[in-house]
Amino acid sequence: MTLQLPSILQQYSVAAINRTLYEDGSRNVALFGLGQLGGIPAELQKHRCVGSVNDAIKLFNSKLKSLVDDLNTNFPEATFTYINVYNILPIIGTLSVLDRPCCKVLETMTEGLCAPGEGPYLLRGIYLFYDNFHPTEIANRVAANRAYNALLPSDAHPMDIRHLIRNNHVYDD
């Protein structure tokens, strides 16, 4: 697998942010890192958890986190934060099925997606993945809650979304 980190991160460069978000008035921005794609059901069916994919994602996420620091330095009137999805999603203790989807998946050209007309399994609340690629609603809710109100210091940098909003007086309780 070849991952072109410089070109991907270039899309999020200081200049690109200035041209797109900042000039259009964005002042509070959360950048979400990538999750552990080496452990999704689509990969697990072919191999065990793919460490090389996760290693590349860790590298990308570390550079994205550094970019957030650069953006905060270069745009003092704005605040950027990094959400560490890589560490958030695996720590979902209420889910017991982490390696299989909660629906019957297709084995055709759209391999890995839920079969049309097939509903999710009855106990879908215990699954991390809806199909071979996408987290379930409960997994997304947990990730969103942790992004908004960090449970661990590693969940967000330099702050979670709740503090991003409060520090910039966007919303006061």
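Residue indices follow the written sequence of each chain, beginning from 1 at its first position. Two thresholds apply to this predicted model, a pLDDT of at least 70 for residue-level local features and 80 or more for giving and counting side-chain atom pairs, whereas whole-chain, interface and lining totals are computed over all residues. Derived side-chain values reflect all non-hydrogen atoms in the structure, with water molecules and hydrogen atoms excluded from consideration.

Novice: Any chance you could explain the nonpolar core here in plain terms?
Specialist: A general trend in soluble globular proteins is that nonpolar side chains are found buried together. In these notes, a set of buried Ala, Val, Leu, Ile, Met, Phe, Trp, Tyr and Cys residues joined through side-chain atoms within 4.5 Å is what counts as a nonpolar core. A 1.4 Å probe rolled over the protein chains alone gives each residue an accessible area, and that area as a share of the maximum for its type sets the label: buried under 20%, exposed over 50%, partly exposed in between. Counting residues in each nonpolar core, the largest one holds 14 residues, and the members touching the most others are Ile 83, Leu 89, Leu 128 and Ala 139. A helix here means a DSSP run of H or I that spans at least four residues, while a strand means a run of E at least two residues long, and both kinds are numbered starting from the N terminus. Sorting the residues of this core by element identifies helix H5 (85-88), strand E4 (127-129) and helix H6 (137-148) as the ones contributing at least two each. In terms of residue count, the dominant contributor to this core is H6 (three residues). In terms of nonpolar packing, the next biggest core, distinct from the first, is built from 13 residues, Tyr 22, Val 29, Leu 67 and Leu 71 among them.

Novice: Would you mind going over the side chain of Asn 84 with me for this structure?
Specialist: Mapped onto the secondary structure, Asn 84 falls in the loop between strand E2 (79-83) and H5. For Asn 84, a relative accessible area of 10% translates into the label buried. In this analysis, two residues are considered to be in contact whenever any of their non-hydrogen atoms come within 4.5 Å of each other. In this view, Asn 84 contacts Ser 154 and Asp 155; residues no more than four positions away in its chain are not counted.

Novice: Is there a simple way to explain the pattern of salt bridges in this structure?
Specialist: Close approach of charged atoms allows side chains with opposite charge to pair. Think of a salt bridge as a Lys or Arg side-chain nitrogen and an Asp or Glu carboxyl oxygen that are within 4 Å of each other. All told, the structure shown has four salt bridges when counted by the stated rule. Here Asp 55 ties to Lys 58 by a salt bridge, and the two come within 4.0 Å at their closest N and O atoms. Of this pair, Asp 55 and Lys 58 both sit in helix H4 (residues 51-74), separated by three residues, roughly a single helical turn. For Asp 55, a relative accessible area of 48% corresponds to the partly exposed category. Here Lys 58 falls in the partly exposed class, since its relative accessible area comes to 44%. Of the charged contacts, one joins Asp 155 and Arg 146 as a salt bridge, the two residues approaching to 2.7 Å between their closest N and O atoms. Neither Asp 155 nor Arg 146 differs from the other in exposure class; each is buried.

Novice: It is not clear to me how the sheet that holds strand E1 (residues 28-32) should be interpreted in this structure. Could you clarify?
Specialist: Adjacent strands of a sheet pair through backbone hydrogen bonds, lying either parallel or antiparallel. The strand order E1-E2-E5 describes an open sheet built from three strands, whose pairing is mixed. Edge positions in the sheet fall to E1 and strand E5 (156-157), since each of these pairs with one other strand and no more. As paired strands, E2 and E5 are joined by two bridges and run antiparallel to one another. Paired with Tyr 82 across the two strands is His 157, which belongs to E5. Axis definition: a line fitted to C-alpha atoms, limited for helices to the stretch in contact. Angles are taken between N-to-C directions and run from 0 to 180 degrees. This element, H4, spans E1, E2 and E5 of the sheet and lies at about 165° to E2. Pairs of strands are assigned from DSSP output, requiring at least two bridges between the strands.

Novice: So what exactly am I meant to see when it comes to the state of the cysteines here?
Specialist: Chemically, a disulfide is nothing more than a covalent bond linking the sulfur atoms of two cysteines. Count a disulfide wherever a pair of cysteine sulfur atoms falls within 2.5 Å. A full pass over the atoms with the stated rule returns one disulfide. Take Cys 102: it sits in no disulfide, and the sulfur closest to it among the cysteines is that of Cys 103, at 5.7 Å. Judged by its relative accessible area of 1%, Cys 102 falls in the buried class.

Novice: What is the right way to look at the environment of Ser 26 in this model?
Specialist: Tracing the backbone shows Ser 26 in the loop between helix H2 (14-22) and E1. Note on Ser 26: relative accessible area 24%, which makes it partly exposed. Along the backbone, Ser 26 and Thr 79 are 53 residues apart, and their C-alpha atoms lie at a distance of 9.2 Å. For Ser 26, the residues in contact, after removing those within four places along its chain, are Leu 21 and Ala 78.

Novice: I keep staring at the packing of aromatic side chains and nothing clicks. Help me out?
Specialist: Given two aromatic rings, their pairing is described by the distance between the two centres and the angle made by the two planes. For Phe, Tyr and Trp, where Trp contributes only its six-membered ring, two rings pair if their centres lie within 6.5 Å, and the inter-plane angle classes them as stacked under 30 degrees, edge-to-face over 60, or tilted in between. Taken as a whole, this structure holds three aromatic pairs when the rule is applied. Aromatic pair Tyr 22 and Phe 75: ring centres 4.6 Å apart, planes at 40°, arrangement tilted. Pair noted here: Tyr 22 is in helix H2 and Phe 75 is in the loop between H4 and E2, with a separation of 53 residues, a long-range link. Residue Phe 75 is classed as buried on the basis of its relative accessible area of 5%. Look at Tyr 121 and Tyr 127: their rings are 6.0 Å apart centre to centre, the planes differ by 55°, and that puts the pair in the tilted class. Look at Tyr 127 and you get buried, because its relative accessible area is 11%. Members of the aromatic cluster, connected to one another through ring pairs, are Tyr 22, Phe 75 and Phe 80. One residue, Arg 27, lies across the ring of Tyr 22, its end atom 3.8 Å from the ring centre. Whether a charge sits over a ring comes down to the Lys NZ or Arg CZ being within 6 Å of the ring centre and within 35 degrees of the ring normal.

Geometry only, nothing functional implied.
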